[in-house]
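For reference, the chains in residue letters:
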Amino acid sequence: MIKTRKSLIAGNWKMHLSRKEAGELALAVRKGLDPDMKHEVLFAPSFTNLEAVRQAIHGSPILLAAQDVHWEDAGAYTGAVSPLQIKDAGCTHAIIGHSERRKIFLETDEIINKKLKSALKNSLFPVLCIGETLEEREQQKTYRVLQTQMQKAFLEIDAGSASKIVIAYEPVWAIGTGKTATPDQAQDAHVFIRKELERLYGENFATGFRILYGGSVKAENIDSLMAQPDIDGVLVGGESLKADKFLRIIHFRV
Ligand code: PEP
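Residues numbered from 1 in each chain as written. Predicted model: local features only at pLDDT ≥ 70, side-chain atom pairs only at ≥ 80, totals over all residues. Heavy atoms only, no water.

A. Structural detail: the side chain of Ser46. Within the fold, Ser46 resides in the loop between strand E2 (40–44) and helix H2 (50–57). At 3.1 Å, the side chain of Ser46 forms a polar contact with the backbone oxygen of Lys14. If near-sequence neighbours (up to four positions away) are discounted, Ser46 is found in contact with Lys14, Met15, His16 and Gln67. (Helix = DSSP H or I, 4+ residues; strand = E, 2+ residues; numbered from the N terminus. Polar contact = N/O pair within 3.5 Å; in protein donor to acceptor, adjacent residues only side chain to side chain. Contact = heavy atoms within 4.5 Å.)

Right under this line is the structure:
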């Protein structure tokens, strides 16, 4: 199967690693990369590790993301980091609306919409995370939840700007639990998300838009996930912290 959308393999390193460890991990993955690789690779380290990772990937095709970004360019927002600051630190991308931020830091769809607009205004590429909880899935609410999260996230964002976004479909019950959605479950959700994008922005837009899967992705399941026609890449947590495992995921075989 030839995919027309460029695949993206992203590692979310969460609140792990020292500066030294993050730099070493970035370097080890860089050294192991297939020079003929056709898709994109993205690292999202902690804010404090951005500079070490930036140095380790300098001159390589690897992209750098922040795990979050505030919506204001500057101001009295203790603990927050602005789009200007993460760009200054070398980031081209920002993860927005990760389920851990929604759940633990109580981020609402309205806040996520503000962050998306601000990141786009500052020419950052957002990786927007959406996904249902186990309870919502068991109550057959998955599609409704995804639809609401998307409608609220994309509010007042025009097609030109929205085309810079990548969605990561991350069922909350699969994140860090070892429970992966089956390739069919992930494909079904991706088809729904693409249909919703078509409703919001039209067919051409939806066809060109990249949708990643996230949730306990590992060396053992990457190939079957990437074999699905609507899975355009993955967002990887735990398994992106080990160079050999992450490299196997990056070099998926379909
Ligand atoms: C994530 O952090 O977005 C994630 C999917 O984590 P894990 O791969 O560990 O489930």
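B. A look at the pattern of salt bridges. Summed over the entire model, instances satisfying the criterion amount to 20 salt bridges. When the shortest N-O distance is used, the salt bridge between Arg210 and Glu40 registers 3.1 Å. On the criterion of sequence distance, the pair formed by Arg210 in the loop between helix H10 (203–208) and strand E7 (211–214) and Glu40 in strand E2 is long-range, its members being 170 residues apart. When its relative accessible area of 21% is taken as the criterion, Glu40 is described as partly exposed. Look at the salt bridges and you will find they share partners, linking Arg5, Arg194, Asp230 and Asp232 into a network. (Salt bridge = Lys/Arg side-chain N within 4 Å of Asp/Glu carboxyl O. Buried < 20%, exposed > 50% of the residue type's maximum accessible area, 1.4 Å probe, protein only.)

C. Highlighting the sheet that holds strand E4 (residues 93–96). Pairing is parallel around the closed barrel formed by eight strands, whose spatial order is E1-E2-E3-E4-E5-E6-E7-E8. Across this sheet, the average inter-strand angle for adjacent strands is 25°, counted without regard to direction. Note that strand E1 (residues 8–12) and strand E8 (residues 233–236) share four bridges and pair parallel. Its bridge partner being in E8, Ala10 is matched across the sheet by Leu235. Against the sheet, H2 makes contact with E2 and strand E3 (63–66), and its axis sits at roughly 170° relative to E3, the strand it touches most. Lying on the sheet, helix H7 (residues 142–153) is in contact with strand E5 (125–130) and strand E6 (166–169); it crosses E5 at an angle near 150°. (Pairing = 2+ DSSP bridges. Axes fitted to C-alpha atoms, helices over the stretch in contact; angles between N-to-C directions.)

D. Representation of the site of the ligand. What surrounds the ligand is a group of 14 residues, the closest being Lys14, Glu170, Gly176, Ser216 and Gly237. Contact distances for the ligand include 2.8 Å between an oxygen atom and a side-chain N or O atom of Lys14. At 2.8 Å from an oxygen atom of the ligand is found a side-chain nitrogen or oxygen belonging to Glu170. Contact with the protein chains hides 95% of the accessible area of the ligand, taken as 290 Å² for the molecule alone. The residue makeup of the shell around the ligand, split by class, is four nonpolar, eight polar and two charged. (Near = heavy atom within 4 Å. Areas by Shrake-Rupley, 256 points an atom, 1.4 Å probe, with all protein chains shown as cover. Nonpolar A, V, L, I, M, F, W, Y, C, P; charged D, E, K, R; others polar.)

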